[in-house]
Amino acid sequence: MGIRTGAAAAAHDAAHKDPGQHRQLLTELRTRMQARQAGACQSWREHLRPDKLLSSLRRIADDTLHGLLEIHPLPAGACAAAVGGYGRGELYPGSDLDILILLERAPDAAARERIEALVAALWDIGLEPGLSVRTLEQCRHEAAADITVQTSLLEARWLAGGRSLFRRFRERMRQDLNPRDFYLAKRSEMQQRHARHQDTPYALEPNCKESPGGLRDLQVLLWLARAADLGTTWTAVARTDLLTSAEFRALRRAELAFKRLRIELHLLAGRREDRLLFDVQPRLAKVYGFVDQPHRRASELLMQRYYWAARVVCQVNRLLMLTLEERLFPRPQEDPIVLDGHFCIRRERLALIREDAFERMPSLLLKVFLITQQHPELQGMAAGTLRAMWHARHRIDRAFRDDPANRRLFLLILRQPRGIVHALRDMTMWNILPRYLPAFRRIVGQMQHDLFHTYTVDQHILMVIRNLRRFTMPEHAQEYPLASQLIADLDDHWLLYVAALFHDIAKGRGGDHSQLGATEVRRFARRHDLPHESVELLDFLVREHLTLSHVAQKRDLSDPRVIHEFAARVGSRRRLAALYLLTVADIRGTSPRVWNTWKGKLLEDLYHRTLSALGGEQPDTRTILALRKDAAAAETRRMGLRDASREAFWSQLDVAYFLRHDAHEIAWHTRHLYHRFNEPDPVVRARVLGQSEALQILAYAPNRPDLFMDLCTYFERHGLSIQDARIHITRQGWALDSFIVLLLEHHRDYRAHASLIEHELHAALIDPPGARRDTTAPSPGSRRSRAFPIMPSVTLQPDEQGGNWRLTVTAADRVGLLHDLARVFAQHDVSPRMAKIMTLGDRIEDIFVLDGPGLENPRVQRQFERQVLESLGAASDTAFTSNQTTPTSLRSS
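These numbers were taken from a predicted model, which means no experiment stands behind them.

1. Here's the deal with the overall build of the protein chain
Looking only at helices and strands, one finds 40 helices and 15 strands in the protein chain. Projecting the C-alpha coordinates of the protein chain onto the three principal axes gives extents of approximately 105 × 80 × 55 Å. When the 893 residues of the protein chain are sorted by exposure, 55% land in the buried category. Looking at the protein chain alone, contacts between residues at least 24 apart form 70% of all its contacts between residues at least 6 apart. When the accessible area of the protein chain is evaluated, it comes to approximately 38900 Å², of which 49% is carbon and sulfur surface.

Have a look at this one:
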C-alpha cells in the first residue's frame, strides 16, 4: 500500500480537506469495530471456544486496520506487519496490537508525519497499538541484541503494504536465526522469568501468562519448535516424534484452559489483566460455575483446577525442553554407564535400559527417585525416563501401595542422606507422590485463605520438609543453631519428614485437621511396619503440631504453671526436641512475613524452660519468686546499686510483678527507676533484645484510663508492631509498662530507633493529647483480607488465676486495630495487665489479661464484648453465637 489506490487516495484527500468528515470516518470505523467485538464476545458465551474468539478478534482488528489505512496510508514502499501475539493470530479482549512498520530506509519528515497520523488514529478509534518503526537492517540489529525482539519478529504476519519487502524481511530473519543460540537464550529468559515469579506455579495470585506453568511456557516451546523447523502449531509438532498423542491431548486441554482463563480475566477486568488476584478469584469462580462447598470456597475449587493445569504445562515444558536439548545438541555416540538391570547413565542423566521398564516393573517408579538420590553426579533424569514415568503413573494403584517392597522403597527415599526435598518435589510434579499417598492427592493445589499462608497446602508441606532438611546441613547451622544441635542428637530424625508430610494433610475436610492428620499418619505408620514407639511419636507430632507455637505466643511463659502443664503434655525430651524442630520448620514454611527472631526467641525460651521442667523441676511459686529476686538482686549489685535503694523501689511492687518478669528484666527496670520512682516525670527507656530483631521498651508514668491507648497510638504512628505487653500498677498508682516491639521490615537499625523512641515517647507521655489518633477514618485491611474476610471472634472468660479476665480476639489485621481495642478498654475502665500479640500475615490472634471490676456485671460484659467486636470490624449482632447459659463466653460465628 505504499502506492495508494484511487479509493484510498480519495479517502485520504477528502479526510484532510474536511476534518469533520475525518472524524466521521473514524467514528464509523470505531462503531463498526465495537459492534463486531461485542458480537464476538456474545458468541463466546454460547460456544466457549477460545481459538474461535481469538481468531474473530484478530480478524476484526485486521479489518479495522485496513479501513484505517484507507484514511491514513503507509509511507511509500513501507509495509505493516503484525508481530507478537497479534502476529500469531491470537488477540485477547484486552490485548494491544503489536504492529511493525517496516521501511526500506530511515523515514523522512513526510513519512514520520504519516506514521504519527496513523498512530493517533489508532488511539482515536480505541485500538491500543504497540507500534515499532524499523528498517530491515534495524530489525536485524535489534533482533541480534534482544531475544525478546527476535522472538516477536519471528511470528511476524503481513498486514498491508509491500509484500516483497516483507518477504525479504522474513528471509533475513530466518537466515539470522541460529536454533542452538535461540534455545539457550530462550531457556535463560524462561529461567529468569520463573525466578521473578518465585519459581513456582503454585503462587496464590499467579499470572496465567507469565508464571511457571502459564501460557508463556507453552509459547516458548512453540517458538523453539519453529526455530528447529519442527512446526509452527501444536498440530504440526504432534506429527513429529517430539510429542506422543497422549501428551498432545493433555497439552491441548491445558492450553485451551489457560486461553479461556485469560479471556475471562480480560472480560471481567474490562482491560488487559493476567493476574488471578484475590478479589477476582471469587467472581471468576462464579463465571466458571463453581459454588461454595461446606468446607471449601468456590474460589479454592477454581484455583485447584488452575494448579492442576499449570502442573501439566510444567511437565510438558520440562519434557520437551529436555527433548529439544538432546536434539539440538547431539553428542558423539558413547557407551552408557550401566547402574543395574534397569537404569543407566547417558549424557549425565538417568536413563532407562528398556523404554517399557516402568510398565513391566511398576516398583521402578519409586526406585528411579532413590537411584537419583544415590548418584549425586547425575544432572537429573533423561527426557525418555520422564516421558515413560509420566505415561506409567497410572500403574500406582491399590495393589502397588499394598506391596511391602514399594513401602520399603518409599521409606528408603525418606531415609537418604541427600536429595530428599528434590525427590519429593519431583514426585509431586510427576504425580507419583499424590498417587502413592491418596490423602496427599486431595491437598495438591489446595489454597489456604487463612491470611498468613502464602503457599498451597502441598507446597507448604514440601517447604516444611525443606526447612527440616536445612537443619541437618552444616552450611545452615549458623542460621538455625539450636535446631541444628537438636536434630543432630535426635534418633531417626527422618521421622520428622513423615510428620511434616502429614501435619496439614487433612486440611479442607472440615473438623480439626490436626486430629484427622494424626489418624492418617498412624495408618501410614502401621501400613509401613514402623515400630510402636515411632508410631506414637508421629501421632503426637501431627496431633500437637500447633501446640508449642500456641503456648509460646499466647501464654505467659513466666508463669511456672504454664510450663508445667506444657511439659506434662509433651512427656519426654525426645518429643520436646522433635516438636520444637517441626514447629520452627512449620512457621518458617508458611510465609516469609510470619517468622521473625522474636518468635524464634519465644520458641527457644519455651523449649529451654520445658526442658528444665522435664528434668524434674517443680513449679513452686515461692521458690521461683525467691530465686528470681536473688538473681535480679545479684545483677543490680554488679551494676553498682545499693541494696537499700533497690529494696525501696521493690517495695512498690507486688508478687505478680516479679512472677511476670524474668531476672534480667527486673534488674533492667530497677536500674532505671530506683532513683526516679518518686519523681513526677515519666521515664522511658528502650533497648535491643540480644541478637533478636526486637526492642524492649519501658514506660513508667502516672496511671490513667487512656494511658494504654496513648501508648498504642504512638507505636502505631511510628510503625512499631507490638508483640508483647506487660502492664503493672505500682502501689503508688504508677503504670510500669513493658513492651516488645518490632520495626517495619525495611528498618533494621534498632539501636538508633531505641534512642529516638526514648525521646519521642517521653514527650508524648508528658503531653498526652498530642499522641491521640484521629479515629474518623478507619483503616481498611489488606487487599487479601478484603477478598477473603474472616469473621472477627471475641471470647471473654475469667482468668485461670482469678480476679482478672482473659480476652481472646481474632480478626484480619489492619492499621490502628490495637489502638481501637485500647480505646474500648479505656471507655469501660478496663485495664490490661498483659497482652500477647500474635500477627500471622494479615491475621491477628491476640490475648489480653484484663482487670475491670465492671466486667462482673453480665450486662456490662455483653456491652464490652459487643464494642470489642465492633472495633474488630463486625457490623451486627449476628456476629455472636447465642449462648444464654454462659454469658461470660460469647463467641462470634
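2. Quick look at the confidence of the model for the protein chain
Here the protein chain shows a mean pLDDT of 87. Residues at 70 or above account for 90%. Low pLDDT (under 50) marks residues 1–9, which in the prediction has 19 contacts with non-local residues, meaning those over four places away or in another chain. A low-confidence stretch, residues 770–777 stays under pLDDT 50, and its non-local contacts, those more than four residues away or across chains, total 22 contacts.

3. So, the environment of Asn 178
Within the fold, Asn 178 resides in the loop between helix 8 (163–176) and helix 9 (179–196). Take Asn 178: its relative accessible area is 35%, and that puts it in the partly exposed class. Through-space distance from the C-alpha of Asn 178 to that of Ala 228 is 8.8 Å; in sequence the pair is 50 residues apart. A distance of 3.0 Å separates the side chain of Asn 178 from the backbone nitrogen of Arg 180, its partner in a polar contact. A distance of 3.1 Å separates a polar side-chain atom of Asn 178 from the backbone nitrogen of Asp 181.

4. Digging into the sheet that holds strand 2 (residues 97–103)
Spatially, 3-2-1-4 is the arrangement adopted by the four strands of the open sheet, whose pairing is mixed. Either end of the sheet is taken by a strand with one partner, and the two such strands are strand 3 (129–135) and strand 4 (157–161). Between one strand axis and the next, the sheet turns through 25° on average, direction left out of account. As paired elements, strand 1 (residues 79–82) and strand 4 share four bridges and run antiparallel to each other. The partner of Ala 82 across the bridge, within strand 4, is Arg 157.

5. Digging into the packing of aromatic side chains
Applying the stated criterion to the full structure yields 21 aromatic pairs. Seen from their ring centres, Tyr 657 and Phe 658 are 5.2 Å apart, and the 85° between their planes marks the pair as edge-to-face. Overall, Tyr 657 belongs to the buried group, its relative accessible area being 0%. You can call Phe 658 buried: its relative accessible area is 2%. A cation over a ring is seen here: Lys 629 above Phe 658, with NZ or CZ 4.5 Å from the ring centre. Against the face of Trp 668 rests Arg 687, its NZ or CZ located 4.3 Å from the ring centre.

6. Comments concerning the environment of Gly 719
Position of Gly 719 among the secondary structure elements: in the loop between helix 36 (707–717) and strand 10 (721–729). Measuring from C-alpha to C-alpha, the distance between Gly 719 and Leu 742 comes to 8.5 Å, with 23 residues separating the pair along the chain.

7. A look at the state of the cysteines
Counted under the stated rule, the structure contains zero disulfides. Cys 139 takes part in no disulfide bond, and the closest cysteine sulfur, belonging to Cys 79, lies 9.0 Å away. Using a relative accessible area of 0% as the deciding quantity, one classes Cys 139 as buried.

8. A short note on the pattern of salt bridges
This model, assessed by the stated rule, comprises 60 salt bridges. A salt bridge links Asp 241 to Arg 327; the shortest N-O distance between them is 2.5 Å. You can see Asp 241 sitting in the loop between helix 11 (234–238) and helix 12 (245–269) and its partner Arg 327 sitting in helix 14 (residues 298–328), a full 86 residues away along the chain. One network of salt bridges, with partners in common, ties together Asp 51, Arg 88, Glu 90, Glu 155, Arg 252, Glu 255 and Lys 259.

9. What about the pairing of strand 13 (residues 805–812)?
Within strand 13, seven of the eight residues are buried, which leaves it mostly tucked inside the rest of the structure. Both strand 12 (residues 793–798) and strand 13 contribute to a ladder of six bridges, which runs antiparallel. Note on strand 13: the bridge partner recorded for Ser 793 is Thr 810. Pairing geometry for strand 13 and strand 15 (residues 843–851), over eight bridges, is antiparallel. Residue pairing for strand 15: Val 809 is matched across the bridge by Asp 846.

10. Observations concerning the packing of helix 36 against helix 37 (residues 750–766)
In contact at an axis separation of 11 Å, helix 36 and helix 37 are set at 140° when each is read in the N-to-C sense. Accordingly, the angle class assigned to the pair helix 36 and helix 37 is oblique. The two elements helix 36 and helix 37 meet at a crossing, and its hand is right-handed. Each of Leu 707, Leu 711, Tyr 714 and Phe 715 in helix 36 lies in contact with helix 37, whose residues at this interface are Leu 756, Ile 757, Glu 760, Leu 761, Ala 764 and Leu 765.

11. Regarding helix 16 (residues 364–374)
Extensive coverage of helix 16 is indicated by the burial of nine of its 11 residues. Within the sequence span of helix 16, burial applies to Leu 364, Leu 365, Leu 366, Val 368, Phe 369, Leu 370, Ile 371, Thr 372 and Gln 373.

12. Let's talk about the side chain of Asp 62
Considering the arrangement of structural elements, one finds Asp 62 in helix 3 (residues 50–71). Once residues within four sequence positions are removed from consideration, Asp 62 is found in contact with Tyr 86, Arg 157 and Leu 159.

13. Some details on unusual backbone geometry
In this structure, Arg 347 is a non-glycine residue whose phi angle is positive, near 50°. Looking at where Arg 347 falls in the secondary structure, it is placed in the loop between strand 6 (343–346) and strand 7 (349–352). In this structure Arg 347 comes out as buried when scored by relative accessible area, which is 19%. Despite not being glycine, Asp 529 shows a phi value in the positive range, around 55°. Of the residues examined, Asp 529 reaches a relative accessible area of 67% and is grouped as exposed.

14. A few points about the sheet that holds strand 7
If you walk across this open sheet you meet the three strands as 5-6-7, and the pairing is antiparallel. Edge positions in the open sheet fall to strand 5 (337–338) and strand 7, since each of these has one partner strand only. Looking at chain direction, strand 6 and strand 7 are connected through four bridges and run antiparallel. Within strand 7, the residue paired with Phe 343 across the bridge is Leu 352.

15. Regarding the pairing of strand 7
Covered by surrounding structure in strand 7 are Arg 349 and Ala 351 together with Leu 350 and Leu 352, the residues of both alternating faces. Two successive antiparallel strands, strand 6 and strand 7, enclose a turn made up of two residues, where Arg 347 displays a positive phi of approximately 50°.

16. Here we look at the environment of His 513
Tracing the chain through its elements places His 513 in helix 26 (residues 513–527). According to the relative accessible area criterion, His 513 is buried, its value standing at 15%. Along the backbone, His 513 and Gln 863 are 350 residues apart, and their C-alpha atoms lie at a distance of 34 Å. In contact with His 513, other than residues within four places in its own chain, are His 503, Asp 504, Ala 506, Lys 507, His 545 and Leu 546.

17. Observations regarding the packing of helix 28 (residues 547–554) against helix 29 (residues 560–570)
Interhelical geometry of helix 28 versus helix 29 gives an angle of 180° and a closest axis separation of 12 Å. Put simply, helix 28 runs roughly antiparallel to helix 29. Contacts between helix 28 and helix 29 involve Thr 547, Leu 548 and Val 551 on the former and, on the latter, Val 562, Phe 566 and Arg 569. Taken together, the residues of the contact of helix 28 with helix 29 break down into four nonpolar, one polar and one charged.

Here is what the cut-offs are and how they apply
Residues numbered from 1 in each chain as written. Predicted model: local features only at pLDDT ≥ 70, side-chain atom pairs only at ≥ 80, totals over all residues. Heavy atoms only, no water. Helix = DSSP H or I, 4+ residues; strand = E, 2+ residues; numbered from the N terminus. Buried < 20%, exposed > 50% of the residue type's maximum accessible area, 1.4 Å probe, protein only. Contact = heavy atoms within 4.5 Å. Areas by Shrake-Rupley, 256 points an atom, 1.4 Å probe, with all protein chains shown as cover. pLDDT = per-residue confidence, 0-100. Polar contact = N/O pair within 3.5 Å; in protein donor to acceptor, adjacent residues only side chain to side chain. Pairing = 2+ DSSP bridges. Axes fitted to C-alpha atoms, helices over the stretch in contact; angles between N-to-C directions. Phe/Tyr/Trp six-rings, centres within 6.5 Å; stacked < 30°, edge-to-face > 60°. Lys NZ or Arg CZ within 6 Å of the ring centre and 35° of its normal. Disulfide = S-S within 2.5 Å. Salt bridge = Lys/Arg side-chain N within 4 Å of Asp/Glu carboxyl O. Parallel < 35°, antiparallel > 145°, perpendicular 65-115°, else oblique. Left-handed = near helix turned anticlockwise from the far one by under 90°. Nonpolar A, V, L, I, M, F, W, Y, C, P; charged D, E, K, R; others polar.

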